Amino acid sequence: MKNANITLTSEITHALNLNTPLVALESTVITHGLPRPQNLQLARDMEKQIRDAGATPATIALLEGNIRVGLSDAELVQLADSTSTLKVSHRDFATAIVKKMDGGTTVAGTMFAAHQVGMQVFATGGIGGVHKESAFDISTDLRALAEIPMIVVCAGAKAILDLPATLEYLETMGVPVVGYQTDEFPAFYSRESGLKVSARLDSPKEIADFAHAHWNFGMRSAILVTNPIPAADAISAAEMQPMIDIASAEAIAKGIHGQALTPFLLGRISELTQGKSLKANLSLLLNNAHLAALIAGEMSKKQHMKMI
Ligand code: PSU
Ligand code: MN
């Protein structure tokens, strides 16, 4: 293990040593992204989805100030039930460590920890990005994508963000935005956004080949794989827009900013759509876990071929 501050389960240590397929999972979605009790159910379902597709799940979080890769079921319950968790992105690790707090790691925080222990594939729902409400609110997720070489599978980003600005930022930082079986950047609840991805790839193997081409050439950024929500659970952009406008106007009126903004917008949209968005959210998370597990399988095959 490269980083002595991180505790791994023996199952994950074993998988890393043998190069068997592994998928990292974030935990802000459990602590701040979803209501109870759906958060615990989702955490368990994502792990199961990954196991069913032949990979090992590694949920990453902080428990009493310890950075953990892989949680037992009792620890997942502890995290999902806790009422005083910290949302942990890059700047927050030291706070959680010295104050011995429980914490949910964001996309950025999860990427950092997962990379430190040698993982390459990560599944999440939606990434953070450039917010519309204030000029300087740009998620640390974007910086992490620029600097940490991992395959990050998501359903795009929510239209609560400034999606064109988010894509411009990713382009500036040299992050490939791959559409899985699509040419269009998906907008989380919606399969469409009117914006283009930088490359379309149609199979997990093509994605693994792409990652090798990017990194073997010397690039260090992540590869953002965007996987549209299953059509049956998608909500059209036209249907979402009024809710997004209401939530955004409320955030501005209440002066909500910083780390609290994303959870506020997510919660309000869930209320405004009366649970429809929650169903969509759960569906796309499971869909991403499945694809990430298949990509991890292809990455591990490549690793084994190299060793022969
Ligand atoms: N977007 C979602 N659901 C989420 C998040 C983002 O649709 O749960 C979480 C992720 O953990 C992401 C974080 O990394 O919010 C981004 O927060 P911020 O915008 O404060 O960087
Ligand atoms: Mn922010």
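Throughout this document, residue positions are counted from 1 along each chain, in the order its sequence is written. Both sets of labels track the order of writing: A upward for chains, 1 upward for ligands. Residues qualify for local features only when their pLDDT is at least 70, as the model is predicted, and side-chain atom pairs are given and counted only at 80 or more; totals for whole chains, interfaces and linings, by contrast, use all residues. Side-chain numbers come from the whole structure's heavy atoms, not from hydrogens or water.

Caption draft 1: Expanded view of the packing of helix H3 (residues 38-52) against helix H12 (residues 276-307). Axis geometry follows a simple rule: fit a line to the C-alpha atoms, using only the stretch in contact for helices, then measure angles between N-to-C directions, giving values from 0 to 180 degrees. Only DSSP runs of H or I with at least four residues qualify as helices, and only runs of E with at least two residues qualify as strands; both kinds are numbered from the N terminus onward. Contact geometry of H3 with H12 gives a least axis separation of 8 Å together with a crossing angle of 25°. Looking at the two axes, H3 sits roughly parallel to H12. For the crossing formed where H3 meets H12, the hand is right-handed. Along the contact surface, H3 presents Gln-38, Leu-42, Asp-45, Met-46, Gln-49 and Ile-50, while H12 presents Leu-278, Leu-282, Leu-285, Leu-286, Ala-289, His-290 and Ala-293. Basically, the charged four are Asp, Glu, Lys and Arg, the nonpolar ten are Ala, Val, Leu, Ile, Met, Phe, Trp, Tyr, Cys and Pro, and anything else, Gly included, counts as polar. Its residues placed into classes, the contact of H3 with H12 shows nine nonpolar, three polar and one charged. Here the angle decides the label: under 35 degrees means roughly parallel, over 145 means roughly antiparallel, 65 to 115 means roughly perpendicular, and every other value means oblique. It is the rotation of the near helix from the far one that decides the hand of a crossing: anticlockwise by less than a right angle makes it left-handed, clockwise makes it right-handed. Any two residues whose heavy atoms approach within 4.5 Å at even a single point are treated as in contact.

Caption draft 2: Local environment of the pairing of strand S3 (residues 56-63). Between buried and exposed lies partly exposed: a residue is buried under 20% and exposed over 50% of the maximum accessible area for its type, with that area taken using a 1.4 Å probe on protein chains only. In terms of burial, S3 is largely enclosed, as eight of its eight residues are buried. The alternating pattern of S3 places Thr-56, Ala-58, Ile-60 and Leu-62 on one face and Pro-57, Thr-59, Ala-61 and Leu-63 on the opposite face, and all of these are buried. Pairing geometry for strand S2 (residues 22-25) and S3, over four bridges, is parallel. Bridge pairing in S3 links Val-23 to Pro-57. For two strands to count as paired, DSSP must find a minimum of two bridges between them. Note: S3 against strand S4 (residues 66-69), four bridges, orientation antiparallel. Residue pairing in the sheet places Ala-61 in a bridge with Arg-68 of S4. Between S3 and S4, which pair antiparallel one after the other, the connecting turn spans two residues, and Glu-64 there sits at a positive phi close to 45°. Where S3 lies against strand S6 (residues 103-105), two bridges are found, and the strand directions are antiparallel. Across the sheet, Leu-62 pairs through a bridge with Gly-103, a residue of S6.

Caption draft 3: Region of interest: the layout of surface pockets. Of the two site types, the cavity is a set of points on a 1 Å grid over the protein atoms alone where a 1.4 Å probe fits but cannot get out, and the pocket is an open set with protein on both sides within 12 Å along at least five of seven lines, each lined by residues with an atom within 4 Å of a point. Grid points are joined across faces, edges and corners, and a volume is the space filled by probe spheres set on the points. Computed from the structure, the largest pocket encloses a volume of approximately 650 Å³. Along its surface, the largest pocket is lined by 34 residues, and Lys-87, Gly-128, Ser-139, Asp-141 and Thr-262 are the ones closest to its centre. Per-element accounting of the lining of the largest pocket gives the leading share, four residues, to helix H2 (residues 28-33). Grouping the amino acids of the lining of the largest pocket by side-chain chemistry returns eleven nonpolar, 17 polar and six charged.

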